[in-house]
Amino acid sequence: MKIVNFSVNKPVTILMVNLIIVVLGIMVLPRLGLDMLPDIEYPVVSIITNYSGVAPEDIENILTKPIEEAVAAIKGVKSISSFSREGTSMIMVEFNWGTNIDFATEDIRDKIGQIENYLPSDATKPLVLKINVEAMPILAYGVTNSTLDTLELKKILEDNVKDKLERLDGVASVDLRGGKEREILVKINKPLLESYGLDQTQIVQILKQENINLSGGSIKESIEEFSLRTTGEYKNLEELKNTVITIKNNTPIYLKDIAEVIDTHKEIKTYARTNQKDSILMLINKQSGINTVQAAESVKKELAELKKYLPSDIDFALVLDQSKIITTSTNSVTQSVIVGGFLVISLLFLFLRDWRPTFAIALAIPLSLIATFIPLYLAGYTLNLMTLGGLALGVGMLVDNAVVVIENIYRHLEEGKERREAAKIGASEVGMAIIASSLTTIAVFVPMALGTGIAGQLSRGLSLTIVFALLSSLFVALTLIPVLASKIFKKRTKEEYRKTSGEKSFEKFQNFYEKILTWSLNHRLNIILMTIGFLIIALFCLPFVGSQFLPQTDMGTILLQMKMPPGTSLEETNRVMGQIEEVAMRVKDLEKMTSFIGSSLGIQGGGTNEGMIMISLKDKKEREMTSIEVQEIIRKNIPPIRGLEANFMDMGSSFISGVNAPVEIKIFGPDLDELKKISHNIMLKISNVEGIRDATNSFEETKTEMVININREMASRFGLSIGQIASAVKNSMQGVVATQLRQGGEEVDIRVKYDESYLNDIEDIKNISIVSPLGSRIFLKQIADIRKEKGPVTIEREDQLRVVSVTANTVDRDIGSIINDIKEELKDEVLPTGYFLEYGGSYSQMQETFKTLGMALILGIILVYMIMASQFESLIYPFIIMFELPLAFIGVGLVLFITRQAISLPSIMGMIMLAGIIVNNAIVLVDYVNQLRQKGIKKQKALIQAGRVRLRPILITSLTTILGMFPLALAQAEGSEIMKPMAITMIGGLLTSTFLTLVIIPVIYSLLVKEKKQA
């Protein structure tokens, strides 16, 4: 080959080229950055519209349905789901994977623009947002202080921390949640106000007009020009209190005469605690496309500097740190790469018994890995679990080409050739073979790299990394290895090699193998029946293995969402949350805990009946229990509280898949009451299934409301519109922010509100007064009836049909087995006409992913077959080689059963990779058999001789690949659960395919290939 000849003739040039590649690889390495997983752009767009005070059923009819109908016609829409809550409509539009989400977002805006005039004018303009997994905080701090009130603490964070952190490169926002916020409250004495003939609206208008600075133009005086400015803004509370409201009998009536003016805080709508202490929850979000670890490190560094200027007793408890999870996980995989490389080199030295070829291969591994960084950087990938996993899985494969080249060079050295000549001829002879072999392996990764959905997004980085690494190793094998061989390899005779390399010992193993192969060729039917028996055993094991979308991960962080019945007050929810915190704090492996009550971190927000706990556990190596075991302890010890729902989230799985619950059963139908009954019955039935935890029903119990039914005819007689009446009620109950008090650069809201003592019951509400445009005072009871009614809290829809979901978590069982048991439980469930159910959650995603990967596997096998057919110029020899696949499947089934690993996305990815790797051994064997038969050797003798000669390279290449993956299969660090099934699958498949190849492939060959006729 020309490249080999050039390399041997120009060794300095080749060394410089390789050195340049190493330098470039090292230069781009810091630029790659670290991440947990490759960026996954979910093809989902949300549409959020607010219409204050409107009931869920009305929201559904006047907002949700029209918008759903408009966007349903957009090309590429896969499904539409919606939530209609009081005052809010939220619609999620999911597109097919591969859709350009930027164009899709613009299409949605255009469609909404066409119907915007038909939506209520009082509703907010629909907000269209792309769903971005990067919106999840990268850091979360629970900030506490033993002496300061949360109002003061929040003010310190806003003035001294928030803005400074937001100025950092890579930081998108710093969100402060919980704590008190300052507000000036004007509490009106309602009877006294009305005695002066005034109402709340007039007070608001007066305060707005009195608190103003206004430019008055300019005035010229001589040669100078001065601007005029009227200053009237309030400077302090005394000025506010002394605002003249009206004049009665020539006596001014001040604001302080009719209202109490208090410097206080806004109404508390949320509580936040860290380790059971009142706190502020500080959430840091990174900018899109910015590396998580780099952004987090810059925040930590800046915060350490800021702490020097803050009160010493302010404590920042880090309760969520994505960068730590990423660093720990990637460090574990990096260690697997290093340990795997060391094991591979050790094995090679054990086989070769010579430091020279071992050194050449030991040099080839890091060179190939470093060279891989360059195309990874150019392709826009980071170092994450998948790309590093590709390096860890491929580290044993990197030596295959070098081993083949070195073995052939040594063969020529033993024949008496000089080093330069042996290097040229030896590398050239096998050059085309290793190129074809590498292409065969690479071919199987092409369908994986081109896959769609989450499977495609996850496997693309992994497959491209291995492709880049294999191409790099091929380049090193054809350039650097011949150069090293021509310079440092030692010329030796066959006898010298036998003495130094342990060839005599290996010959005993070859003799043993030859006996087995000879017997097998003479008892072909027995061998085939034995193989079929092993295959049946492997198939029999599969039902006991089960299936799941992703293995459960132990990230060291636990999320618990709690919910009380609708209508539960914030104080009661807070009290219940306190009891859950007491239970969690007793867990010895807990490190930090923060809770947030009154809202959730999810996109749908929350209410006074909801809350979330985030628990940070000790490092995995320092604790005795897994996160799943900790969840079980907390779950069992939560006191039985009526109406309480406490659900744990698998942070790793939900982060990757976007699915919050593994089990989801969707019940579709028109009537909410019927859906409630069906879903409740299903929830009770599935609760008894083994492995099910936290079974919940998305149908929220009806909420009691005070409904004000306005008499339109009576209201119009007084000149009042529905909007004016609704605003008057809202302002009376919630108050109105009239203006702001500006002090020291701070703007504090001034809220005008009736004293709560005057709005305690229905009678007080009936007596809310409204001043008509004619100036008369109208009481609400004159124009409306008020009564208690029950209505739904949330109405869910999917694909324009009403739906209620039953969801559940899983423990100690795979999702496939659980769903099968659920289907068995529900087989007798008869649904009314017009009602049906579907399975969603992780199960639906698992099925979709398995289909995608199954197609990738089929395409990969076809590509491998086509490449081998062109290589052999035959259809029969590739067919023989493809019998490697069931041999590998035997090992896959057995190893998954033994290790209790369910079939999952990573394990199927491992199976696809096996299809490209395992055929290389059979190619080497069949190719050499054909060479021997072309020399006139009989078929059976050629099979025996080829097996004996190719035994060593087959064992070396297979065992190096297995050893390279071994550390990954044994890894125990956070996040290692994702890559472990892939490594275990490949190890099992390689073990059986390697050893059975040496027997079964010759047997199949002897059956399908006829003996050549003698001339």
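Data block above holds the structure.
Along each chain, residues carry numbers from 1 onward, in the same order as the chain's sequence is written. Two thresholds apply to this predicted model, a pLDDT of at least 70 for residue-level local features and 80 or more for giving and counting side-chain atom pairs, whereas whole-chain, interface and lining totals are computed over all residues. The side-chain values count all of the structure's non-hydrogen atoms but skip hydrogen atoms and water molecules.

*Asks:* So what's going on with the overall build of the chain? Which residues, and what values?
*Replies:* Secondary structure elements follow DSSP: runs of H or I of four or more residues count as helices, runs of E of two or more count as strands, with numbering from the N terminus. What the chain contains, in helices and strands, is 36 helices and 30 strands. Along the three orthogonal principal directions, the C-alpha set of the chain runs to about 130 × 85 × 55 Å. The 1015 residues of the chain split such that 53% are buried. For the chain, the computed accessible surface area is about 45,400 Å², with 55% contributed by carbon and sulfur atoms. When charges are counted, Lys and Arg are positive and Asp and Glu negative, with His and the chain ends excluded. A single reference atom marks each charge: NZ on Lys, CZ on Arg, CG on Asp, CD on Glu. Considering the chain, the positive charge centre built from 106 side chains and the negative charge centre built from 113 side chains are found 10 Å apart. Exposure categories follow from relative accessible area, calculated using a 1.4 Å probe and restricted to protein chains: below 20% of the type maximum is buried, above 50% is exposed, and the middle band is partly exposed. Method for areas: the Shrake-Rupley scheme with a 1.4 Å probe, in which residue coverage is limited to the protein chains shown.

*Asks:* Explain the side chain of S616 to me, using residue names and the numbers behind them.
*Replies:* Inspection of the secondary structure assignment puts S616 in strand β18 (residues 610–617). Judged by its relative accessible area of 9%, S616 falls in the buried class. Contacts: residue pairs with any heavy atoms within 4.5 Å of one another. Look past the residues within four positions of S616 in its chain and what remains in contact with it is V319, G556, L590, E591 and K592.

*Asks:* Describe the sheet that holds strand β24 (residues 746–754), listing the residues and the values that go with them.
*Replies:* Pairing is mixed in the open sheet, where four strands are placed in the order β12-β7-β24-β23. Looking at strand neighbours, the two that pair on one side only are β12 (259–265) and β23 (736–743), the edges of this open sheet. Averaged over all pairs of adjacent strands, the angle between their axes in this sheet comes to 25 degrees, without regard to strand direction. Where β23 and β24 come together, seven bridges link them in antiparallel fashion. What sits directly across from Q740, in β24, is D749. Only when DSSP finds a minimum of two bridges between them are two strands counted as paired. The axes are straight lines fitted to the C-alpha atoms, using for helices just the contacting stretch, and the angles between their N-to-C directions are given from 0 to 180°.

*Asks:* Explain the side chain of N930 to me, using residue names and the numbers behind them.
*Replies:* Locating N930 in the fold gives a position in helix α34 (residues 919–934). Within 3.5 Å is the distance limit for a polar contact, defined as a pair of N or O atoms, with the added protein rule that one can donate a hydrogen and the other accept it, and that residues adjacent in sequence qualify only through two side-chain atoms. A distance of 2.6 Å separates a polar atom in the side chain of N930 from a polar atom in the side chain of Y1005. Once residues within four sequence positions are removed from consideration, N930 is found in contact with F872, Y877 and Y1005.

*Asks:* If you had to explain the pairing of strand β10 (residues 244–248) to someone new, which residues and values would you point to?
*Replies:* Bridge count for β10 against strand β11 (residues 251–254) is four bridges, and the pairing is antiparallel. Opposite V244, over in β11, you have Y254 as the bridge partner. Here β10 hands over to β11 after two residues, with N249 in that stretch at a positive phi of 55 degrees.

*Asks:* Outline the environment of L228, listing residues and values.
*Replies:* Its place among the elements puts L228 in strand β9 (residues 224–231). For the pair L228 and S215, spaced 13 residues apart in sequence, the C-alpha to C-alpha distance is 6.0 Å.

*Asks:* Describe the packing of helix α33 (residues 905–917) against helix α36 (residues 976–1008), naming the residues involved and giving the relevant values.
*Replies:* Packing of α33 against α36 leaves a shortest axis separation of 8 Å and a crossing angle of 35 degrees. Here the hand of the crossing between α33 and α36 comes out right-handed. Counting all contacts with α33, which are made through P906, S907, M909, G910, M911, M913, L914 and I917, the residues of α36 involved are I978, P981, M982, T985, M986, G989 and L990. Gly is placed with the polar residues, together with every amino acid not listed as nonpolar (Ala, Val, Leu, Ile, Met, Phe, Trp, Tyr, Cys and Pro) or charged (Asp, Glu, Lys and Arg). When its residues are assigned to classes, the contact of α33 with α36 shows eleven nonpolar, four polar and no charged. For any helix crossing, the convention is left-handed if the near helix is rotated counterclockwise from the far helix by under a right angle, and right-handed if that rotation is clockwise.

*Asks:* An account of the environment of L570 is needed here, citing residue identities and associated values.
*Replies:* With respect to the helices and strands, L570 occurs in helix α21 (residues 570–585). For L570 and L617, which are 47 residues apart along the polypeptide, the C-alpha to C-alpha distance reads 28 Å. Ignoring sequence-local partners within four residues, the contact set of L570 consists of I268, K269, T270, Y271, I597, G598 and T608.

*Asks:* So what's going on with a nonpolar patch on the surface? Which residues, and what values?
*Replies:* Patch membership needs two things, relative accessible area over 30% and no salt bridge, and members are linked within 9 Å if like-charged or within 5 Å if nonpolar (Val, Leu, Ile, Met, Phe, Trp, Tyr). When a carboxyl oxygen of Asp or Glu lies within 4 Å of a side-chain nitrogen of Lys or Arg, that pair is called a salt bridge. Taken together, the side chains of V12, L15, M16, L19, I20, V23, L24 and M27 present a nonpolar region at the surface, about 730 Å² in accessible area. By secondary structure assignment, the location of L15 is in helix α2 (residues 11–32). Exposure remark for L15: the relative accessible area of 39% places this residue in the partly exposed category.

*Asks:* How would you sum up the packing of helix α14 (residues 398–414) against helix α35 (residues 939–970)? Please name residues and give values.
*Replies:* Packing of α14 against α35 leaves a shortest axis separation of 10 Å and a crossing angle of 155 degrees. Comparing their axes, α35 and α14 come out roughly antiparallel. Between α14 and α35 the crossing geometry is right-handed. Residue-level inspection shows V399, D400, V403 and E407 of α14 in contact with α35, the latter providing R950, R952, P953, I956, T957, T960 and T961. Oblique is the label for any angle not under 35 degrees, not over 145, and not in the 65 to 115 range, which are roughly parallel, roughly antiparallel and roughly perpendicular in turn.

*Asks:* Before we move on, could you go through the nonpolar core and cite the residues and values that matter?
*Replies:* Residues belong to one nonpolar core when they are buried, are Ala, Val, Leu, Ile, Met, Phe, Trp, Tyr or Cys, and are joined through side-chain atoms within 4.5 Å. Counting residues in hydrophobic clusters, the biggest one holds 173 residues, and the most contacted among them are L393, L462, I822, M913 and M982. The element contributing the most residues to this core is helix α17 (residues 453–488), with 17 residues. Ignoring anything within four residues of it in the chain, the contact list for M913 reads L393, V444, F445, M448, L462, I466, M982 and M986. Within the second largest apolar cluster, 39 residues are counted, among which are V186, I258, V736 and V752.

*Asks:* Could you give an account of the packing of aromatic side chains, naming the residues involved and the relevant values?
*Replies:* Aromatic pairing here means that ring centres of Phe, Tyr or Trp (its six-membered ring) are within 6.5 Å. Orientation follows from the plane angle: under 30 degrees is stacked, over 60 is edge-to-face, and everything else is tilted. Using the criterion set out here, one finds eight aromatic pairs in the structure. An angle of 10 degrees between the planes, with centres 4.8 Å apart, marks the rings of F668 and F836 as stacked. Pair noted here: F668 is in strand β20 (residues 663–668) and F836 is in strand β30 (residues 836–840), with a separation of 168 residues, a long-range link. Relative accessible area serves as the criterion here: at 3%, F668 is assigned to the buried category. With relative accessibility at 34%, the residue F836 sits in the partly exposed group. Taking 6.2 Å as the distance between ring centres and 75 degrees as the angle between the ring planes, the aromatic pair formed by Y839 and Y843 counts as edge-to-face. Aromatic rings pair up to connect F540, F544 and F897 into one cluster. Over a ring means this: the NZ of a Lys or the CZ of an Arg is within 6 Å of the ring centre and within 35 degrees of the ring normal. The residue whose ring lies beneath K256 is Y254, and the NZ or CZ to ring-centre distance is 5.7 Å.

*Asks:* I'd like a rundown of the pattern of salt bridges, residues and numbers included.
*Replies:* Close approach of charged atoms allows side chains of opposite charge to pair. Under the counting rule described, the total for this entry stands at 43 salt bridges. Residue E297 pairs with K300 through a salt bridge whose shortest N-O separation is 3.7 Å. With E297 and K300 both in helix α10 (residues 292–306) and three residues apart, the pair spans about one turn of that helix. Judged by relative accessible area, which is 42%, E297 ranks as partly exposed. Among the residues examined, K300 registers a relative accessible area of 24% and is labelled partly exposed. Beyond isolated ion pairs, a larger network of salt bridges with shared partners links E60, E68, R797 and R802.

*Asks:* Break down helix α29 (residues 815–825) for me, with residues and values.
*Replies:* Along an α-helix, residues three or four apart share an orientation, since each turn contains 3.6 residues. Turning to α29, its buried residues are I815, G816, S817, I818, I819 and I822. Packing partners of the buried residues in α29 comprise β20, α24 (672–686), β21 (692–697), β29 (801–810), β30 and α30 (841–872). The N-cap residue of α29 is D814: its side-chain oxygen and the backbone nitrogen of G816 are 3.2 Å apart.

*Asks:* Describe α17, listing the residues and the values that go with them.
*Replies:* End to end, α17 covers 50 Å across 36 residues, agreeing with the expected 52 Å (1.5 Å per residue, within 8%). Here the bend at a residue is taken as the angle between two axes, fitted respectively to the seven residues that end there and the seven that start there. At A477, α17 shows its maximal bend, which comes to roughly 35 degrees. By definition here, a helix of n residues has an expected span of 1.5 Å times n minus one.

*Asks:* Please set out the pairing of strand β19 (residues 645–649) residue by residue, giving values where relevant.
*Replies:* The two faces of the sheet receive side chains in turn, since in a regular strand these alternate between them. Burial analysis of β19 places four of its five residues in the buried class, which makes it a mostly covered element. Of the strand pairs in this sheet, strand β16 (residues 557–563) and β19 are connected by five bridges, and their pairing is antiparallel. What sits directly across from L559, in β19, is M649.

*Asks:* Residues and numbers for unusual backbone geometry, please.
*Replies:* For residues other than glycine, phi is negative in most cases, and the peptide bonds are mostly trans. Although it is not a glycine, Q276 sits at a positive phi angle of roughly 70 degrees. Here Q276 shows up in the loop between β13 (271–274) and β14 (277–286). A relative accessible area of 34% places Q276 in the partly exposed class. Of note, Q800 is a non-glycine position whose phi angle comes to about 70 degrees, a positive value. Turning to its location among the elements, Q800 is positioned in the loop between β28 (794–798) and β29.

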